[in-house]
Every structure is written in structure tokens, then in C-alpha cells.
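Working through the structure, step by step
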Amino acid sequence: MAFRFKKQIFGFMDLIRFTKLVDKRRAKLENAPATPLPVTYRVNETAKILHPAPLTVKLVGIVKDSPDTKTYTFELPQKAFFRAGQYAVLRAKIGDSLVSRPYAISSSPYTALNDGKVSLTIKKSGYFSSYMFDKAKEGDEFTLSLPFGNFFYESVKDCPHIVGIAGGSGITPFYSMIKGIEEGSEDFKLTLFYGAKTANDLVFKDELDKVSNDKIKIVYVLSDEKSDGYENGFISADIIKKYVDGDFTAMLCGPNAMYNFVDAELAKMGVSGKFVKHEANCTASRDVKPKTYKLTVHIQDEVYTVEADAADTILTSMERAGLSVPARCRAGGCGFCHSKLVSGKFSIAGADKRRLADSKFGYIHPCCSYPDSDMELIVPRG
Amino acid sequence: MDKYDAVVIGGGNGGLVAAIRLLQGGAKVLLVEKHNLPGGFATSFKRGRFEFEASLHELNDFGTKDNAGDVRDLFDALGVTDKIDWTEIPEAYRVISREEKIDATMPFGIKAFIDKMESYVPGSRRSMEKFFELAKTIHAAQAYSNSVNGATDKKVMLSKYANFVRVGSYSVNEVLDALKMPKKAKDILNAYWCYLGAHCDDLSFIHYASMVYRYITKGASMPKMRSHEISLALVERIRELGGDVWFNTEAVKILTGNDGIEGVVLNGGKTIQTRHVIANCAPHLVYGKMIDNVPERIVKATNARKFAGRGLTMFLGLNKSADELGIENHNYFLYDTMDSKKQYELMKKISTNKVQATVCLNRAYPECSPKGTCMMYFTTLFMEDDWGNVSAKDYFKVKDEYVKVMIDRFEKDTGSKISDSIEEISLATPMTYAHYCGHPEGDIYGYESQYWDGLTPRLLMMNEDYQNGIRGLRFAGGYSMRLSGYSSAYFSGDISGRQTVGDIKREG
Ligand SMILES: Cc1cc2nc3c(=O)[nH]c(=O)nc-3n(C[C@H](O)[C@H](O)[C@H](O)COP(=O)(O)OP(=O)(O)OC[C@H]3O[C@@H](n4cnc5c(N)ncnc54)[C@H](O)[C@@H]3O)c2cc1C
Ligand code: FES
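Because the structure is predicted, anything quoted here is derived from the model rather than measured. (Residues numbered from 1 in each chain as written. Chains lettered and ligands numbered in written order. Predicted model: local features only at pLDDT ≥ 70, side-chain atom pairs only at ≥ 80, totals over all residues. Heavy atoms only, no water.)

1. Points about the overall build of chain B
A tally of regular secondary structure across chain B gives 20 helices and 21 strands. For a compact globule of 508 residues, the expected C-alpha radius of gyration is about 23 Å, and chain B comes in at 22 Å, within 12% of that figure. By the burial criterion, 68% of the 508 residues in chain B qualify as buried. The long-range fraction of contacts in chain B, counting pairs at least 24 apart against all pairs at least 6 apart in sequence, stands at 73%. A total of about 16600 Å² of accessible surface is found on chain B, and carbon and sulfur atoms cover 48% of it. Taken as two groups, the 64 positive and 65 negative side-chain charges of chain B have centres that lie 2 Å from each other. (Helix = DSSP H or I, 4+ residues; strand = E, 2+ residues; numbered from the N terminus. Rg over C-alpha atoms; globule rule 2.2 N^0.38 Å. Buried < 20%, exposed > 50% of the residue type's maximum accessible area, 1.4 Å probe, protein only. Contact = heavy atoms within 4.5 Å. Areas by Shrake-Rupley, 256 points an atom, 1.4 Å probe, with all protein chains shown as cover. Lys, Arg positive; Asp, Glu negative; His and termini not counted. Charge placed at Lys NZ, Arg CZ, Asp CG, Glu CD.)

2. Quick look at the site of ligand 1
All names here are of chain A. Around ligand 1, a shell composed of 24 residues is seen, among which Arg 101, Pro 102, Tyr 103, Ser 129 and Thr 172 lie nearest. Note that an oxygen atom of ligand 1 is positioned 3.1 Å from one of the side-chain N or O atoms of Asp 312. The side chain of Arg 320 places a nitrogen or oxygen atom 2.8 Å from an oxygen atom of ligand 1. In isolation ligand 1 exposes 980 Å². Once the protein is present, 82% of that is buried. At the level of elements, strand S4 (97-104), strand S5 (117-123), helix H4 (127-134) and helix H9 (314-320) are the ones that each hand at least two residues to the shell around ligand 1. Among the elements that take part in the shell around ligand 1, S4 stands out by supplying six residues, more than any other. Its residues placed into classes, the shell around ligand 1 shows eleven nonpolar, eight polar and five charged. Split by domain, the residues of the shell around ligand 1 number at least three in each of domain 2 (47-148) and domain 4 (292-378). (Near = heavy atom within 4 Å. Polar contact = N/O pair within 3.5 Å; in protein donor to acceptor, adjacent residues only side chain to side chain. Nonpolar A, V, L, I, M, F, W, Y, C, P; charged D, E, K, R; others polar. Domains from an automatic or database assignment.)

3. Some words on the interface of chain B and chain A
In this assembly, 101 residues from chain B lie in contact with 70 residues from chain A. Between chain B and chain A, roughly 7800 Å² of surface is buried when both sides are summed, and carbon and sulfur atoms account for 60% of that area. Three residues, B:Arg166, B:Phe396 and B:Trp452, lead the burial of chain B against chain A; their summed loss comes to 9% of the area buried on that side. Connecting chain B to chain A are eleven salt bridges. Between B:Asp453 and A:Arg25 there is a salt bridge, and its shortest N-O distance comes to 2.8 Å. On inspection of chain B and its partner chain A, the count reaches 35 residue pairs in polar contact (both at pLDDT 80 or more). Examining the composition of the side of chain B that touches chain A, we find that nine residues originate from one element, helix H16 (residues 392-414) of chain B, more than from any other. (Buried area = accessible area lost by both parts, 1.4 Å probe. Salt bridge = Lys/Arg side-chain N within 4 Å of Asp/Glu carboxyl O.)

4. Observations concerning the packing of helix H1 (residues 13-24) of chain B against helix H2 (residues 70-78) of chain B
Residue and element names in this part refer to chain B. One can describe the packing of H1 onto H2 by two numbers: an axis separation of 10 Å at closest approach and a directional angle of 45°. One finds that H1 runs oblique with respect to H2. In this structure, H1 crosses over H2, and the sense of that crossing is left-handed. Here Val 17, Ile 20, Arg 21 and Gln 24 of H1 come into contact with H2, specifically with Leu 74, Ala 77 and Leu 78. For the contact of H1 with H2, the class distribution of residues is five nonpolar, one polar and one charged. (Axes fitted to C-alpha atoms, helices over the stretch in contact; angles between N-to-C directions. Parallel < 35°, antiparallel > 145°, perpendicular 65-115°, else oblique. Left-handed = near helix turned anticlockwise from the far one by under 90°.)

5. Re the pairing of strand S4 (residues 44-47) of chain B
All names here are of chain B. Pairing analysis gives four bridges linking S4 to strand S5 (residues 50-53), with the strands arranged antiparallel. Its bridge partner being in S5, Arg 47 is matched across the sheet by Phe 50. With antiparallel pairing between neighbouring strands as the criterion, S4 and S5 make up a hairpin whose turn holds two residues, including Gly 48 at a positive phi of roughly 55°. (Pairing = 2+ DSSP bridges.)

6. Some points on the domain arrangement of chain A
Along its sequence, chain A is carved into domain 1 (1-35), domain 2 (47-148), domain 3 (161-278) and domain 4 (292-378). Computed over C-alpha atoms only, the centres of domain 3 of chain A and domain 4 of chain A are separated by 35 Å.

7. Details of the pairing of strand S19 (residues 375-378) of chain A
Residue and element names in this part refer to chain A. Alternating positions in S19 separate cleanly, Met 375 and Leu 377 being buried on one face and Glu 376 and Ile 378 remaining unburied on the opposite face. Pairing of strand S13 (residues 292-299) with S19, which is carried by four bridges, proceeds in the parallel orientation. Within S19, the position partnered with Thr 296 by the bridge is Glu 376.

8. A few points about helix H2 (residues 42-50) of chain A
Looking only at H2(A), the buried set comprises A:Val43, A:Asn44, A:Thr46, A:Ala47 and A:Leu50. Buried positions in H2(A), seen along its axis, are confined to an arc of 160° and lie on one side of it. In the core, the buried residues of H2(A) are packed alongside strand S6 (141-148) of chain A together with H16 and helix H17 (430-437) of chain B. (Arc of directions from axis to C-beta.)

9. So, the sheet that holds strand S12 (residues 251-257) of chain B
Two pairing modes exist for strands in a sheet, parallel and antiparallel, and in both the strands are linked by backbone hydrogen bonds. Residue and element names in this part refer to chain B. Here four strands make up an open sheet; going across it, the order is S1-S14-S13-S12 and the pairing mixed. Bordering the open sheet on either side are strand S1 (2-3) and S12, each of which pairs with just one other strand. Where strand S13 (residues 260-266) meets strand S14 (residues 271-273), three bridges bridge the pair, whose relative direction is antiparallel. Bridge assignment links Gly 263 to a residue of S14, and that residue is Gln 273.

10. Considering the layout of surface pockets
Empty space within the second largest pocket amounts to approximately 610 Å³. As for the second largest pocket, its lining consists of 29 residues, and the residues nearest its centre are A:Arg25, B:Tyr287, B:Arg305, B:Asp465 and B:Tyr466. Broken down by secondary-structure element, the contributors of at least two residues to the lining of the second largest pocket are helix H1 (12-30) of chain A together with helix H12 (283-290), helix H13 (296-303), helix H19 (462-468), strand S21 (473-475) and helix H20 (486-507) of chain B. (1 Å grid on protein atoms, 1.4 Å probe; cavity = no way out; pocket = protein on both sides within 12 Å on 5 of 7 lines; lining within 4 Å. Points joined across faces, edges and corners; volume = space filled by probe spheres on them.)

11. What to know about the environment of B:Lys154
Residue and element names in this part refer to chain B. Structurally, Lys 154 can be placed in helix H5 (residues 154-160). Residue classification places Lys 154 among the exposed residues on the basis of a relative accessible area of 62%. Through-space distance from the C-alpha of Lys 154 to that of Val 165 is 9.8 Å; in sequence the pair is eleven residues apart.

12. Overview of the sheet that holds strand S9 (residues 216-222) of chain A
Residue and element names in this part refer to chain A. Spatial ordering of the open sheet is given by S10-S9-S8-S7-S11-S12, a layout of six strands whose pairing is parallel. Edge positions in the sheet fall to strand S10 (231-232) and strand S12 (276-278), since each of these pairs with one other strand and no more. The pairing of strand S7 (residues 161-167) with strand S8 (residues 189-196) spans seven bridges and is classified as parallel. Bridge assignment links Ile 165 to a residue of S8, and that residue is Phe 193. Helix-sheet contacts for helix H5 (residues 172-183) involve S7, S8, S9 and strand S11 (249-253), and the interaxial angle to S8 is about 150°. Relative to the sheet, helix H8 (residues 256-268) contacts S7, S11 and S12, its axis offset from that of S11 by approximately 165°.

Structure (C-alpha cells):
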């Protein structure tokens, strides 16, 4: 049933129209204006504020919040914006090592958007944080990348009442949320349980005491101190019930031990699954028999051979050796350190958070993997 | 200084295939990708217990071993088909326009498709048969054109593929009207139009018909591990063939001299010497900021072109199964009106765009998310730069509002209730696409398939475009001669890769 397509009365007009397609396009291309092509576009400019490229920033303020914690304020070369609760990655050259760490942003979203400033609140605890605590001074330059992570209020899936659970330096994202609620960039009700050993360890205590906002309630919970105006013990179901009723989404930021305890308490209250959100913690080193392996690392057209301590993550060994390699969450979840395994054996700390096809094609996340043999990797440039 | 026969800028679908073709042609190749992952949009991301597909709704023209489509043939030739686990999409689509009382679920297979259409629109059979007959000729003509690398013989075209030439200059609606197709059948048949991003008064019939033909005769497939699996398979192949792939590496400048391409400057300052570049990015970016002293002729030709749809996708991880939620189908087209011209106008503004092409991946691949859950993604296009009017300050609020619009539309049109079951949610806007892939205005569809700049004129002018450009510079991906979409982007990489192999032989 072959048929002959005919649109014009005689059919051959259709053929002529076809042969004109090229002439038409040629004329369009030749006759367009010669105005210079745009160098950028509005959406792309907004995208730069929402997702800046790594920025060279200047440390412009240091405030000591507690005996072991300081807040560092950085001046950005541009404006930035984020959702209160998200983190930034601070990178510095320490000796021969190029090292970075993720830190929740403690300042408010509008401070970044209007003043181009971001604050991080860091507790002295190890290699990088000690460097910051002891050595960093105003005027120093760092590289800062931001914002990352999903630890923020999501109006579509979360209850409009957030129960925040902060342990120690885990207060930082909530401090940003509190400022955000006060300034109007965030809109939800927050009941914050802030746990610490003693009242002296409560970072931002003075500032938090000054907060007066219908949407915000703060409860201090001290494990090693009993005094008026403070709850005593760990953050338990009983304590939470005393202050909260109705539906809520719990957001937890603190050490893993706190997560284990509080998750169980929340489960007792029937709160679990999508109603409990955790911020990740950096992968720590592991306890193994001392051993060093040889790590061969390809970055672009360079090949490096470095030592890898069996106890350290592969990422740490590369950084220690002074290689510039990508890192963000250091918890296995963001995939930014995604590297191709050429050969060698490794173990993953905790759950395997890689994409399915990554395991299939032999990609690993060096931030949460330890070497179990000599290894060879192809790593993106950092 | 590093020296390569060719540098591929961008590891999206077009760039990855181009690199393999170059390597198969014996060239020494470097592919640079500014992101830390390959694939461009062809990737996945994890949220909690879900791994979301970033963009692929369904890969058309793949087919099965016994009924191979062109993409499968290409993947066979590239040596990647067996590196990927595939699953087949169960049916073509479900299209709904609540306003216009259209709700049709269409199957794959020409006969089944025509029968189903007849059941929805009695009396449509004859025009549908003619449609598929035309589409078949178009497909055959395209295969012939590819086999001679675009250098078609007029006589052959007129004797064997006369209908191709006859319909070649018309829009979708012009041809369907000439076939006297009933309005409702046209509406249902045109449902795929948003995949091509131009309305049916403007969109070339050839382009549309060949796409529909490929879908309906070859079905559609999906890699089980999301499109990330395809992208990693392609990278694996590049490395097997001795090619270099550098991630987190952005080409910031393309160096040119009297004899065209001379090199590429990378972020971090490294310069690569090369005489050939395949750019898997927008000519607007290449000529707007990567090359100095662009000839006026090229500036004009670039200015002539129009950006296609700017993308937006909402991803939902749901804590109930598709059955429990009453999500019946794999993919939905939800429109306000089946008049694509009117719908196109509504898609210009955030306040009026409620169109969505929605996928529930579990309906094609039940194991894609944990038992008792399901995973969906909802995509739309903006036909104007309205997101350019959104300030950073308002951005999160506009996003939150828009999410509600999308969920509401889906619930009202399909009757399923999803809003209470959202465990994970993410919304990618034009800003997100601008950030990840660098495209102007967050455009995800390259240059629009306008009447004058449609598939046929682009293919007919492929060589002329190269001659009028810069020696040694070719393009791949959604902005190039095959237009946007996964298969098209793969084909563009195939074409530009093979042509560059020829260029290297000819031009050194
Ligand atoms: C999302 C997120 C948000 C966070 N927010 C905060 C916050 O707001 N405030 C806060 O205080 N903390 C925060 N943290 C924790 C923070 O990122 C660090 O884990 C913490 O500061 C401890 O880092 P450290 O280097 O001081 O200690 P460690 O990580 O314990 O330092 C020791 C590590 O450094 C390695 N190392 C030793 N020598 C070298 C060398 N020469 N070169 C390279 N590496 C070496 C060691 O092998 C060891 O692995 C957050 C973590 C995450 C994941
Ligand atoms: S840095 Fe996030 S996964 Fe390794």
C-alpha cells in the first residue's frame, strides 16, 4: 500500500521546498547580527553565587568561644548563598601537606549573601583543627569551597517542627539555622537540645541565651554537671518529651556515639526513617597492625609513588604526601574523591556509599577506604 | 609540552563516544572533563537509600539483540554493549491532559500502537498507517545518508526515498493534517514533542517521525545502574584503547592561529598541543569565551541560533512502593493542552509552566530502589530564560514553591497520592545545570529544533558548517548536527569522531 505523499497541489513543489532548506539556513546564519557573543548569562551568574568555584578567602576574624573552640570568619571574593545547615570545605597548606576538612557553616546565609562573609566554628581535636587553633591568624589565606550537604530543613518532606540534637561542636549548623530563622532566610520551628559535658563546654552559650523568637526553643543538656536551668544526662526520650509534642523531624549533628544513643531514644518515641536526619562524620583512622604500603597515584600525566599507612584512609596518605587531590565530605557520601582503582585491595569504613556502577567498574572513594595491599589509583586533580 | 592528535573537551555523551571513535581511528586522544565524573547529564547521584538517575528517561533506538536499533549497533561498534546491564521499558507512554480529557497509554510495536489508537480514536487507522509508512521511509533514507556520510546522491534520494524529500520541508502538524489524521489521534501521537523541545508547528516532521519510529519499532531501554553505568563503560573503553581521561580538568582556552586549532589551555595552566578539538559544549561558550579573535562570520552564525529548553528536574525517593501509591506507569507526559504551540507558550514562565515528563523507574526496573520504596523523576523545560529573573535570595523559595506545583499536578492528573511519602527530594533547576555542565542559561537541549535549524538542514550543512568554522574544530553533543537527546548525542560523537579521524589524515 505504498502511497505518494503530496502536500502541495502538484507534489513537485514539495521537492523544491526541500532543496530550499539549505539556502534558508545559510541565509539565517549569514544575516544574524555581529554583536559580540555574551561572555556569561544571568542563570550562570546566579549559579556562581549558589555554587561558587573554590574561592581564595582571607581570614579576617578569630573569636575564642570556649577553651578549645574558636570561630573563624573569612572574607570571600564574591557573594555566596546556602541553606542553613550546609557545610564548607576549608583547605590549607600545612608544611608539605595540602589538607582540607569539612565544617558546617556557623554564620547565617544572609551574611554570605549580603556581606560575602562565612564563619566556621572549629573545635581543636586533631591535625587540621589544631593547626587552625594554634597557628591560623588574621590575614592568612585559605581555599574555601561551599556549600555542600543535605543537612538542612526541606519544607516538602520534613515536618514544620524540627527537633535539633546537637552534641559538642555539632552545634554549628544549628547556630546558622537559628540566625537564619531570625533573619528570615529559614522558616520553621526549631526546638534544639544541645548536649555537652559541662556548661563551660557550651559554645555560643551567651549568644543562644539572647535568642528570643517564638519559633526557637533551646534546651541545654549536660552529661557531667547538674545545675539549675539545665537538663542533666544524655539527650533521652524523656527529656525530649518534656519539651516537645506533636509531629517533628529530628536533625542530629554530633559524634557517632550520640547518634547511636539518640536514634534508639527516638525509635522509642516512634520517630525513625525519613523523620531522622544525621550529618555525617569524617572517616577516622583505623586500629590495625602497623604496616606501610606503596601507593602509586596517577594525576593527569604525572605519576607519584607515596607511602600509605594501613591505619590511615587512602585520602589522608595522599594528602600527607603533599598531593593535591579532591575531597569534600571525607565520609564517603558525596563522591567527590571518586577515583579509579587500577590494582590493589582495600577496605571500606562503614557502609559502602558508592554508586552501583562504581563498584562494578572499580572506582573507590579514597576518603573512606583503607589500603590492604600496595595500590595503584587514577585520581582527579584536586 | 603534552601533545595529542585530538583533544575532546567535555566528557558528556557526545564527547565520550567521539573519543572512542578517534582512538579506533588510530589517534592519540586526551579527553578533559571539568566535573569529577563522566557523562555530563548522564550520571546518577545518591541520597539516603536511593541512587537517582540524573537525566535519562529511556534510551531509544537501542532495541534487543534480535531487533537491534542504531544505538545498539553503535555501542556494538564501540565495544561497550556488553559492559552494561540493560532492562527494557514496558510501554511507550501515558499522556494525560486533564483539561482536554485525554488519557491514553500507548504501547510499543507499530501494530499494537495503531490498534490502540484506533480504540481511542475510531477512524484513525488509515492516517496512522500512512504515518508509519512515511516514518519508515524517513528512517531508511537516514540510514542511507549515514552510510554515505551525508554525501547523498540526488537520484537515489528521489527514486528510493521520494517521500522523504517530499515531507522534508514540513512541520509535524503540516504533514499530519495532509494525512487527514483526526485531531485526537494527532494529539496522542504528538505526545513525545517535549522530548525534542520545539512545538509541532515548528518542529520538522522528519525529525519527529524518525524519533517516534525508533521508539515504537525498537522500544526503549535503560541501564540497570542508571546512566552512570553507560558513562563509566565508555570511559573504561577509552582507557582500554589507550586514551587519557582527566577529570576535574577544565579547558579554559582553545588556541588558534592562521591554520586553525593549535592547542588547548587547561585550568591550572597546563597547555596541550593539538591540531584537533571536538568540543562537547555550546558553540556559544567556545566562541564566546574560549577562543580569541573569532571571525565575524562565526559570531553571526552563532548569534543566529536559539537556545532550546532550560531544564528542571525534581527527584523523589518515596517510602512506599509504586503499587501502594497507585503509580501505574513508567513514563507520563502531563500537559495542560495538547496544542503544542499553546503549551510551548505556557512553558516560557515559571508561573505558567506546569508541564511534566515523569518517570517511575521501578515500573521498568523494580529493583532500582529498596523493597517497599520507589523512585521518580519529573522533568520540564523552560522555553525562555525566566530563571534568569530569579535572584539568589529568592532562589530557595522559588524552588520550594515549584516543587509543590509539580507534585500537585501529578497527583491531580493521575489520582495517586505521593506527597506524604517523600523520603528524599532534590530539585535540579537551570542554575544546577548551569553549574554542573556549564551550559548557557541552564539549557539542556542545545539549539532549538526550529524550522530553519532543524535536523535536516543541519545534516545537509554539516560539511559547510565545518568549512565555515575554524579548521580542526568540530562539535559533539546536543548543540551539534544531531540535536539533543541521548541517542542523538551519541550519534553526534560518532559522526564528529569519525570525521575528525578523516581531518587528521587530511590536515595533519
Ligand atoms: C559535614 C561535616 C561538618 C563538620 N562540621 C564541623 C564543625 O562545624 N566544627 C568542627 O569542629 N568540626 C566539624 N566537623 C569535623 C571536622 O571536619 C574534622 O573532622 C575535625 O576538625 C577533626 O579534624 P582534624 O584534622 O583536626 O582531626 P583528625 O581528622 O583526627 O586529624 C588527624 C588526621 O590527620 C591525619 N594527618 C596527620 N598528619 C597529616 C599530614 N601531614 N597531612 C595530612 N594528614 C595528616 C591523620 O592521619 C589523621 O587521619 C565536621 C565534619 C563533617 C563531615
Ligand atoms: S570526599 Fe566525599 S566521598 Fe570522599
